[in-house]
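# Commentary on secondary and tertiary structure
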Amino acid sequence: MSLLALRPLLVKNRFSTLPLLRIACTIPVPKQTRCYATAEKKATALSAASDRTDVSTDVRPLGERVKENTKTASYMGVIVLGVGVTSVLFYAIFKELFSSNSPNNIYTEALERIKDEPKVKDALGAPIKGFGEESRRGRRNRVAHTTYVRDGVQYIRMQFYVQGIRNKATVHLEKRLNESGQYDYRYLFVQLDYYPHSTIILEDNRLQQDALQSVPSLQSIV
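Model, not experiment: these values are computed from the prediction.

Across its full length, the chain holds six helices and six strands. Listed by position from the N terminus, the elements making up the chain come as α-α-α-α-α-β-β-β-β-β-β-α. A burial count over the chain gives 19% of its 222 residues as buried. In the chain, once contacts between residues fewer than 6 apart in sequence are set aside, the share between residues at least 24 apart is 43%. Working note: accessible area of the chain is about 17500 Å², and carbon and sulfur atoms make up 60% of it.

Applying the stated criterion across every chain, the model contains four aromatic pairs. Between Tyr 148 and Tyr 155, the aromatic rings sit 5.2 Å apart at their centres with planes inclined by 10°, giving stacked as the arrangement. Aromatic pair Tyr 187 and Phe 189: ring centres 5.0 Å apart, planes at 20°, arrangement stacked. Look at Tyr 187 and you get buried, because its relative accessible area is 11%. The side chain of Arg 150 reaches across the aromatic face of Tyr 155, ending 4.8 Å from its centre.

As a further point, take the pattern of salt bridges. Applying the stated rule across the entire model yields six salt bridges. The partner of Glu 174 in a salt bridge is Arg 186, with the nearest N and O atoms 2.6 Å apart. Taken as a pair, Glu 174 in strand E4 (residues 168–177) and Arg 186 in strand E5 (residues 183–192) lie far apart in primary sequence, twelve residues in all. In terms of burial, Glu 174 and Arg 186 fall into one category: buried. A salt bridge links Asp 210 to Arg 186, with the nearest nitrogen and oxygen atoms 3.1 Å apart. Here Asp 210, found in helix H6 (residues 206–221), pairs with Arg 186, found in strand E5; they are 24 residues apart in sequence, far enough to count as distant. For Asp 210, a relative accessible area of 34% corresponds to the partly exposed category. With relative accessibility at 5%, the residue Arg 186 sits in the buried group. If you follow the salt bridges from partner to partner, you end up with Arg 157, Glu 174, Arg 186 and Asp 210 in one network.

This part is about unusual backbone geometry. At the junction of Ala 126 and Pro 127, the peptide bond is cis and its omega measures out at 0° in the coordinates. On the secondary structure map, Pro 127 appears in the loop between helix H5 (118–124) and strand E1 (129–131). In this structure, Pro 196 follows Tyr 195 across a cis peptide bond, with omega equal to 15°. Relative to the helices and strands, Pro 196 resides in the loop between E5 and strand E6 (199–204). Even without being glycine, Asp 151 reaches a positive phi, approximately 55°. By relative accessible area, Asp 151 is classed as exposed at 65%. Phi is positive for His 197, which is not a glycine, with a value near 55°. Following the sequence through the fold, His 197 ends up in the loop between E5 and E6. On the basis of relative accessible area, His 197 is assigned to the partly exposed category, the value being 41%.

Residues Ile 114, Met 158, Phe 160, Val 162, Leu 173, Leu 188 and Val 190 are the most contacted members of the largest nonpolar core, which totals 24 residues. Mapped by element, the contributors of at least two residues to this core are helix H4 (103–115), H5, strand E3 (153–163), E4, E5 and E6. When residues no more than four places from it in sequence are discounted, the contact partners of Val 190 are Ile 114, Val 120, Val 162, Ala 169, Thr 170, Val 171, Ser 198, Thr 199, Ile 200 and Leu 202.

In low-pLDDT segments, the atomic positions of the prediction should not be examined closely. Averaged over all residues, the pLDDT of the chain is 75; the fraction at 70 or higher stands at 60%. Of the regions scoring below 50 in pLDDT, residues 217–222 engages in zero contacts with residues more than four places distant in sequence or in other chains.

What follows covers the pairing of strand E2 (residues 144–150). Relative to E3, E2 is paired through seven bridges, and the arrangement is antiparallel. Among the inter-strand pairings, Tyr 148 is bridged to a residue of E3, identified as Tyr 155.

About the thresholds
- Residues numbered from 1 in each chain as written.
- Predicted model: local features only at pLDDT ≥ 70, side-chain atom pairs only at ≥ 80, totals over all residues.
- Heavy atoms only, no water.
- Helix = DSSP H or I, 4+ residues; strand = E, 2+ residues; numbered from the N terminus.
- Buried < 20%, exposed > 50% of the residue type's maximum accessible area, 1.4 Å probe, protein only.
- Contact = heavy atoms within 4.5 Å.
- Areas by Shrake-Rupley, 256 points an atom, 1.4 Å probe, with all protein chains shown as cover.
- Phe/Tyr/Trp six-rings, centres within 6.5 Å; stacked < 30°, edge-to-face > 60°.
- Lys NZ or Arg CZ within 6 Å of the ring centre and 35° of its normal.
- Salt bridge = Lys/Arg side-chain N within 4 Å of Asp/Glu carboxyl O.
- Core = buried A, V, L, I, M, F, W, Y, C linked by side-chain atoms within 4.5 Å.
- pLDDT = per-residue confidence, 0-100.
- Pairing = 2+ DSSP bridges.

Written as structure tokens, this is what we have:
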């Protein structure tokens with residue numbers, strides 16, 4: 001069949017399909033709907049959870065929480081104990097360095113007095129230096145001293161060494177705590193280490209102090 005013979009059929013079919021296309025174009029196409037219900041529910045739930053700040057989020061077991069609280073309390077106890085020990089150490093250091101009744105200050109004051117004594121200068125030779133007991137490592141910074149109480153009165157006794165350019169000597173001192181809380185000398189001696197081991201007396205108040213101390217006891221007997 002030739003193309004000329006088919007042409008009337010094609011034209012007829014074309015005009016017959018046009019009404020169908022027009023009908024299809026006039027039918028409304030339903031719009032695509034998106035589901036936002038799930039997202040809105042999640043947002044509402046999150047908003048409600050954020051508003052309720054009083055609700056505890058700690059879901060750990062009770063035993064674990066008690067253990068954690070006990071551990072925290074123990075840490076706080078260690079910190080408080082450390083602060084207490086540090087305070088005691090600082091107090092001891094402050095008392096040792098700045099108190100006039102500390103052994104270190106008593107030693108320093110006695111040494112300065114010995115250095116200024118003309119008799120000691122002539123015997124040992126200036127300049128004069130002082131030092132304490134010699135340790136195993138050869139250090140001489142330890143000054144031997146002892147504190148004791150007799151008849152309700154506190155005493156401190158000390159021994160150290162002095163050395164000049166010619167000779168060396170041993171220092172003996174004792175102090176007594178008076179009623180005002182200060183130490184008074186009972187005696188202060190410098191004993192020369194070389195022959196004849198003579199003693200230079202800087203202070204000797206033992207007779208006077210013992211006599212004054214015995215007066216109240218005699219009055220109480222009378």
